[in-house]
Amino acid sequence: MRIFSLAGRRLAASIPTLFLILIGVFLLLQFAPGDTVDAMMAQMGGGDAKTAEDLRRFYGLDLSVSAQLGSYLWRLVRFDLGFSAIYGKPVATVIAERLPATILLMTASLSFAFFFGLILGVVAARGVNKWPDTLISTVGLIFYATPSFWFGLMAIVVFSIYLQWLPAGGLSDITSTATGIWAVLDTARHLVLPTLTLGLIFLAIYLRIMRASMLEVLNLDFVRTARSKGLDETRIITRHVLRNALLPMVTLIGLQAGTMLGGSVVVESVFSLPGLGRLAYESVVQRDLNTLLGIIFVSALLVITVNFIVDLIYARLDPRITSGA
Amino acid sequence: MNFTRRAALMTSAAIAANVVDPFKAFAQQTPRKGGVFVVHYGAEQRQLNPSLQASTGVYIISGKILEPLVDLDAAGNPVGVLATSWESTPDGKTITFKLRQGVTWHDGKPFTSADVQFTAMEMWKKILNYGSTLQLFLTAVDTPDPHTAIFRYERPMPLNLLLRALPDLGYISPRHLYEGKGDIRQNPVNLAPVGTGPFKFVQYERGQHIIADRHDGYWKGPANLDRIVWRVITDRAAAAAQMEAGQLHYSPFSGLTISDMARLGKDPRFVVSTKGNEGNARTNTLEFNFRRKELADIKVRQAIAHAINVPFFIENFLGDFAKLGTGPIPSVSTDFYPGANTPQYPYDKAKAIKLLDEAGLRPGAGGTRLSLRLLPAPWGEDVSLWATFIQQSLGEVGIRVEVVRNDGGGFLKSVYADHAFDLATGWHQYRNDPAVSTTVWYRSGQPAGAPWTNQWGVADATLDKIIDDAATEVDPAKRKALYADFVKRANGELMIWMPIEQIFVTVITAKARNHSNTPRWGSSSWHDLWLAE
């Protein structure tokens, strides 16, 4: 129960921040020239001034900025994200359609980065300053230094165009009529390249953190004690070292959930995935304020949730953390 | 993908044709039934009803599902679709359409003149962009019987103008799904269109794809393809990659980068051409803000035009996809193109400098005569390149140009509502008749905030009179002569400079048959399109 009161307090503390961010973004977008109706006219390829005026009235854009902001916040308090002018449906629906792709991509990339970062980090730490360490560290550095859009495009050129092993984009093959397990496999195939593209840079970070924290823990007294008790090396690593070395890794997941949402804009564009990142970008270009604010709201909730889960894992890994709270 | 393609191959009779090459050519003479055609869709639209929104982004999808009264044939002449014949009274105020019989909507209800009446009065006249201008003087549509629609106009409507406008501005929507169902703009049918065309709407997944399947009850007989899928791909490089990976069959309307189109043009798996887009010609523009006193001086405008080496730009930046333009009516317009013997402004740097001197713009500090702000429209890389080229060219004659880049909404607001520009550049898209697409760029008295209208501050009584006369002239020969006058006057006064002519580029798989066979093929119904094995 203590963990839930902790979560409740965390949530309460983040609400004012959330509102400040939303107000900030709202005002910031007022500085951008043009509004939704201008963007719509651009999309339509022209129209007369009366149509524009009608549309502005329809979407409430003829009201003052403060009135628009006020009505937005009032709706938000009632958990109503409003109506998207560009998509012609409630913002909540628009976001719900895009959320699965982003969550799928984020989960896949985080798991991939975390799992392989952990293994490679351990291997590097075990063979510190020997060839496996040098090799892994060098490869990690290359991954870290490669821009993800470039990596994505190169992966498409190699694996989709030349080798024809993996699809170049999309979330599923709509020309096929696969169902059940085949549909799942089909989606998995489509996710391989985007996951690699988004995950590699995080893999490099996890690898370095894991290596460093392994090395630190390996030099602590209790490890020496365990060794002197005559425990075998594998047991020492899994039972004693890994558990303690994992803490900084878990911290990172919480921090990077937000970064990953940002990174997904590029990956979703390169691989034409229908996710939140691309939706956010399109909302800015189309001046679809309601949708953009809705995405920010949902992303913030997502980050808060991830951090909450991280707190739970923390408590499992190190019981001192909850008792101290 | 590989698996399904192979599976499809095994089940089809065409496998024999693939083994023995000589038979292949023979087999491809008869249309193959079946197959899924996958189309690149670059920019999603708010809605998919072409009776409410005139744009290629809508036609590329709903042009397969809904049908217009009239379309254009291979030679660019009007040919009946939902209308079978038409007739105008000599005064041009009454135009009668006979409608096709035995046509049903995809939901089984019959198509009648009531649908035409409702669409024309409630959609074209009130909501449709360009349509509301075209049908401004439409007073009523009479329906004496289910297969006759009589359009009544307050002022003469040239039959030729109407017929050339209707392929784009003449799509018919089902009255029974709109009437009495609240705000037409918000009707959910707009995103799940119901039409009379060869394909019926199946599914729209935002951000992913739109699917339409063959409609077996189509009045012309069932189409060849089983299904059309439009895949939403906003990134041009990603679309080119998917084209090469075999995930896409068709990228319309110059949807890829210029370099990718040139590269794929050398690949035998693709056909890259401007054919089939003649009805979608466009010109690159340079628009002057006449409110700026230096630009109100025709000598300065002429100097600017003479200072820019257009052939050099076309050759080095646009390649095969563009040619020198001669004015607001492009050369693909067989009905109205007046020839190139109107005032032109060839590259002549010395003359440009002389004109600037005559206009009293002497070089000041650092050789600068004049500083201008240029706003390029954010669509198309050619516009961006063109803006940079203008900037550098004008720098050489002492005009300092600052390029101010905006996104779509920002550009339209700055240029068309706030008039906060000195020079602007973008595309002018020609739509088969100058009265539909072009004269509105020149006619004075346009309300501020209307995009792609005369917001430059040009007010020329002579030109206004020509425009108004031509819009209601029912004699085709006189109309053509009036538009020749229009081009001569517009070029002579150099109100807007349109020095580059382009036609959209199509990238399509070499397996496609019966494609690009009409001037607006990308927007047409694809009834006869088929895919060879």
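As annotated in an unreviewed UniProt entry, chain B carries the name Peptide ABC transporter substrate-binding protein and is attributed to Phreatobacter cathodiphilus. As stated in UniProt under Subcellular location (unreviewed entry), the record for chain B gives "Periplasm". Database annotation for chain B, UniProt heading Sequence similarities (unreviewed entry): "Belongs to the bacterial solute-binding protein 5 family."

As annotated in an unreviewed UniProt entry, chain A carries the name ABC transporter permease and comes from Phreatobacter cathodiphilus. Check the Subcellular location (unreviewed entry) section of the UniProt entry for chain A; it says "Cell membrane". Per UniProt, chain A carries the Sequence similarities (unreviewed entry) text "Belongs to the binding-protein-dependent transport system permease family."

Asks: Would you mind showing me how to read helix α14 (residues 381-395) of chain B here?
Replies: It helps to recall that an α-helix has 3.6 residues per turn; residues three or four apart then point in one direction. All names here are of chain B. Counted at 1.5 Å a residue, the expected span for α14 with its 15 residues is 21 Å, and the 21 Å between its end C-alpha atoms agrees. Those residues of α14 that sit buried are D382, V383, W386, A387, F389, I390, S393 and L394. Angularly, the buried residues of α14 cover 170° about the axis, an arc narrow enough to put them on a single face.

Asks: Help me out: how do you make sense of the sheet that holds strand β5 (residues 94-99) of chain B in this one?
Replies: Sheet strands pair by backbone hydrogen bonding; their relative direction is either parallel or antiparallel. All names here are of chain B. Pairing in this open sheet of 4 strands is antiparallel, and the strands run β4-β5-β7-β6 from one edge to the other. One side of each edge strand has no neighbouring strand; the edge strands of this open sheet are β4 (83-88) and β6 (138-145). Recorded for the sheet is a direction-independent mean angle of 20° between the axes of neighbouring strands. The pairing of β4 with β5 spans 5 bridges and is antiparallel. Looking across to β5, one finds that S85 is bridged to K98. On the sheet, helix α5 (residues 113-124) packs against β5, β6 and β7 (148-153) and is oriented at approximately 170° with respect to β6. Of the strands in this sheet, β4, β5 and β7 touch helix α7 (residues 159-169), which is tilted by about 45° from β5.

Asks: How do you make sense of the pattern of salt bridges when you look at a structure like this?
Replies: Side chains that carry opposite charge are capable of pairing whenever their charged atoms lie near each other. Residues and elements named next belong to chain B. Enumeration over the complete set of coordinates arrives at 40 salt bridges over all chains. Two residues, D168 and R520, come together in a salt bridge whose shortest N-O distance is 3.0 Å. Taken together, the residues span a long stretch of sequence, with D168 in helix α7 and R520 in the loop between β21 (512-513) and β22 (530-531) at a distance of 352 residues. The residues D168 and R520 share a single accessibility class, namely buried.

Asks: Looking at this model, I keep getting lost on a positive patch on the surface. Mind explaining?
Replies: All names here are of chain A. Residues K229, R235, R239, R243 and R316 make up a contiguous surface patch of positive charge. Top element by residues in the positive patch is helix α10 (residues 233-270). It accounts for 3 residues. Topologically, R243 is positioned in helix α10. Under the relative-accessibility criterion, R243 is labelled partly exposed at 38%.

Asks: How should the domain arrangement of chain A be read in this particular structure?
Replies: Note: interface size is frequently given as the accessible area lost on complex formation between the parts. Residue and element names in this part refer to chain A. On domain assignment, one finds that chain A holds domain 1 (2-90) and domain 2 (98-318). The gap between the C-alpha centroids of domain 1 and domain 2 is 32 Å. Listed by partner, the interface residues are 31 residues for domain 1 and 21 residues for domain 2. Counting each side, the surface lost to burial between domain 1 and domain 2 is near 2200 Å², with a carbon and sulfur contribution of 70%. Here domain 1 and domain 2 share 0 salt bridges between them. At the boundary of domain 1 with domain 2, the tally comes to 3 residue pairs in polar contact (both at pLDDT 80 or more). Those elements that place two or more of their residues in the side of domain 1 that touches domain 2 are α1 (2-30), α2 (36-44) and α4 (65-77). At 14 residues, the largest contribution of residues to the side of domain 1 that touches domain 2 is made by α1.

Asks: It is not clear to me how the interface of chain A and chain B should be interpreted in this structure. Could you clarify?
Replies: At the junction of the two partners, chain A supplies 52 residues and chain B supplies 52 residues. Summed over both partners, the interface of chain A with chain B comes to about 4000 Å²; 54% of that surface belongs to carbon and sulfur atoms. Taken together, chain A and chain B are joined by 2 salt bridges. Of the charged contacts, one joins R98 of chain A and E44 of chain B as a salt bridge, the two residues approaching to 3.8 Å between their closest N and O atoms. Its residues assigned to classes, the side of chain A that touches chain B shows 26 nonpolar, 16 polar and 10 charged.

Asks: Which parts of the structure should I look at to understand the UniProt feature "transmembrane region" (unreviewed entry) in chain A?
Replies: Residue and element names in this part refer to chain A. In the UniProt entry, the feature "transmembrane region" (unreviewed entry) is given for residues 12-32, 103-123, 135-163, 191-209, 245-271 and 291-314. Split by type, residues 135-163 is 90% helix and 0% strand. Its first and last C-alpha atoms lie 27 Å apart. A helix fraction of 100% and a strand fraction of 0% characterise residues 291-314, whose end C-alpha atoms lie 34 Å from each other.

Asks: Any chance you could explain the UniProt feature "domain: Solute-binding protein family" (unreviewed entry) in chain B here in plain terms?
Replies: The positions that UniProt labels "domain: Solute-binding protein family" (unreviewed entry) are, in the present scheme, residues 78-445 of chain B. Taken end to end, residues 78-445 of chain B comprises 28% helix and 23% strand; its first and last C-alpha atoms sit 32 Å apart.

Asks: Explain the pairing of strand β15 (residues 370-376) of chain B to me, please; I cannot follow it from the model alone.
Replies: Successive side chains on a regular strand alternate, one facing one side of the sheet and the next facing the other. The buried fraction of β15 of chain B amounts to 5 of the 7 residues, a majority that puts the element mostly inside the structure. For the handedness criterion, the β-α-β arrangement of β15 of chain B, α14 of chain B and strand β16 (residues 399-403) of chain B is classed as right-handed.

Asks: Got a minute to help me understand the confidence of the model for chain B in this structure?
Replies: Low-pLDDT stretches of the model should not have their predicted coordinates read in fine detail. Residues and elements named next belong to chain B. On average, residues of chain B score 90 in pLDDT, and 95% of them reach the 70 mark or higher. When the criterion is pLDDT under 50, residues 1-27 qualifies, and its contacts beyond four places in sequence or with other chains add up to 20 contacts. With a pTM of 0.83, the predicted complex shows an ipTM of 0.75.

Asks: Please clarify how a nonpolar patch on the surface should be interpreted in this entry.
Replies: All names here are of chain A. A surface patch of nonpolar side chains, about 890 Å² in accessible area, is lined by F149, W150, M154, V157, V158, Y162, L163, W165 and V266. Note that W150 resides in helix α7 (residues 148-162). Judged by its relative accessible area of 44%, W150 falls in the partly exposed class.

Asks: Honestly, the packing of aromatic side chains in this entry has me stumped. Any pointers?
Replies: Geometry of an aromatic ring pair is reported as the spacing of the ring centres plus the angle between the planes. Residue and element names in this part refer to chain B. Here the structure, examined in full by the defined rule, presents 34 aromatic pairs over all chains. Between F37 and W526 the ring centres are 5.5 Å apart and the planes differ by 90°, which places this aromatic pair in the edge-to-face class. Of this pair, F37 sits in strand β1 (residues 36-41) while W526 sits in the loop between β21 and β22, and the two are 489 residues apart along the sequence. Aromatic pair Y442 and F486: ring centres 5.2 Å apart, planes at 85°, arrangement edge-to-face. Placement of the pair is Y442 in the loop between α16 (434-437) and α17 (461-472) and F486 in helix α18 (residues 476-493), with a sequence separation of 44 residues. The two residues Y442 and F486 agree in class, both being buried. Here the aromatic cluster, defined as three or more aromatic residues joined through ring pairs, consists of W379, F411, Y416, F421, W441, W452 and W456. When the ring centre of W530 is taken as origin, the NZ or CZ atom of R513, which lies over that ring, is 6.0 Å away.

Asks: Would you mind going over the packing of helix α6 (residues 131-145) of chain A against helix α8 (residues 180-218) of chain A with me for this structure?
Replies: Helix packing for two helices is described by the angle between their axes and how far apart those axes are. All names here are of chain A. Across the interface, α6 lies against α8 with an axial gap of 8 Å and an inter-helix angle of 140°. What the angle tells us is that α6 and α8 run oblique. By crossing handedness, the relation of α6 to α8 is classed as left-handed. Taken together, the residues of α8 that come into contact with α6 (itself represented by D133, I136, S137, G140, L141, F143 and Y144) are L200, I201, L203, A204, I205, L207, R208 and R211. Tallied by class, residues from the contact of α6 with α8 come to 10 nonpolar, 2 polar and 3 charged.

Asks: Help me understand the nonpolar core in this model?
Replies: Generally speaking, a soluble globular protein has its nonpolar side chains buried in company with each other. Judged by nonpolar contacts, the single largest core of 188 residues is most densely connected at L69, F97, F151 and I304 of chain B. Element by element, the count of residues in this core is highest for helix α12 (residues 289-317) of chain A, at 7 residues. Counting residues in hydrophobic clusters, the runner-up holds 55 residues, among them A125, A155, I156 and L198 of chain A.

Asks: Any chance you could explain the domain arrangement of chain B here in plain terms?
Replies: Residue and element names in this part refer to chain B. What the domain assignment lists for chain B is domain 1 (11-49 + 197-276 + 505-531), domain 2 (66-185) and domain 3 (279-502). The C-alpha-based centres of domain 1 and domain 3 are spaced at 35 Å. At the junction of the two partners, domain 1 supplies 10 residues and domain 3 supplies 8 residues. Buried surface at the junction of domain 1 and domain 3, both sides included, amounts to about 760 Å², of which 62% is carbon and sulfur. At the junction of domain 1 with domain 3, the criterion picks out 0 salt bridges. If you tally residues by element for the side of domain 1 that touches domain 3, the top one is helix α9 (residues 258-264), at 3 residues. Of the residues that constitute the side of domain 1 that touches domain 3, the class distribution is 7 nonpolar, 2 polar and 1 charged.

Calculation criteria
- Residues numbered from 1 in each chain as written.
- Chains lettered and ligands numbered in written order.
- Predicted model: local features only at pLDDT ≥ 70, side-chain atom pairs only at ≥ 80, totals over all residues.
- Heavy atoms only, no water.
- UniProt positions renumbered as here; feature names shortened; annotations may be inferred.
- Helix = DSSP H or I, 4+ residues; strand = E, 2+ residues; numbered from the N terminus.
- Expected span 1.5 Å × (residues − 1).
- Buried < 20%, exposed > 50% of the residue type's maximum accessible area, 1.4 Å probe, protein only.
- Arc of directions from axis to C-beta.
- Pairing = 2+ DSSP bridges.
- Axes fitted to C-alpha atoms, helices over the stretch in contact; angles between N-to-C directions.
- Contact = heavy atoms within 4.5 Å.
- Salt bridge = Lys/Arg side-chain N within 4 Å of Asp/Glu carboxyl O.
- Patch = residues over 30% accessible without salt bridge, like charges linked within 9 Å, V, L, I, M, F, W, Y side chains within 5 Å.
- Areas by Shrake-Rupley, 256 points an atom, 1.4 Å probe, with all protein chains shown as cover.
- Lys, Arg positive; Asp, Glu negative; His and termini not counted.
- Charge placed at Lys NZ, Arg CZ, Asp CG, Glu CD.
- Domains from an automatic or database assignment.
- Buried area = accessible area lost by both parts, 1.4 Å probe.
- Polar contact = N/O pair within 3.5 Å; in protein donor to acceptor, adjacent residues only side chain to side chain.
- Nonpolar A, V, L, I, M, F, W, Y, C, P; charged D, E, K, R; others polar.
- Right-handed = clockwise from strand over helix to strand, strands pointing away.
- pLDDT = per-residue confidence, 0-100.
- Phe/Tyr/Trp six-rings, centres within 6.5 Å; stacked < 30°, edge-to-face > 60°.
- Lys NZ or Arg CZ within 6 Å of the ring centre and 35° of its normal.
- Parallel < 35°, antiparallel > 145°, perpendicular 65-115°, else oblique.
- Left-handed = near helix turned anticlockwise from the far one by under 90°.
- Core = buried A, V, L, I, M, F, W, Y, C linked by side-chain atoms within 4.5 Å.

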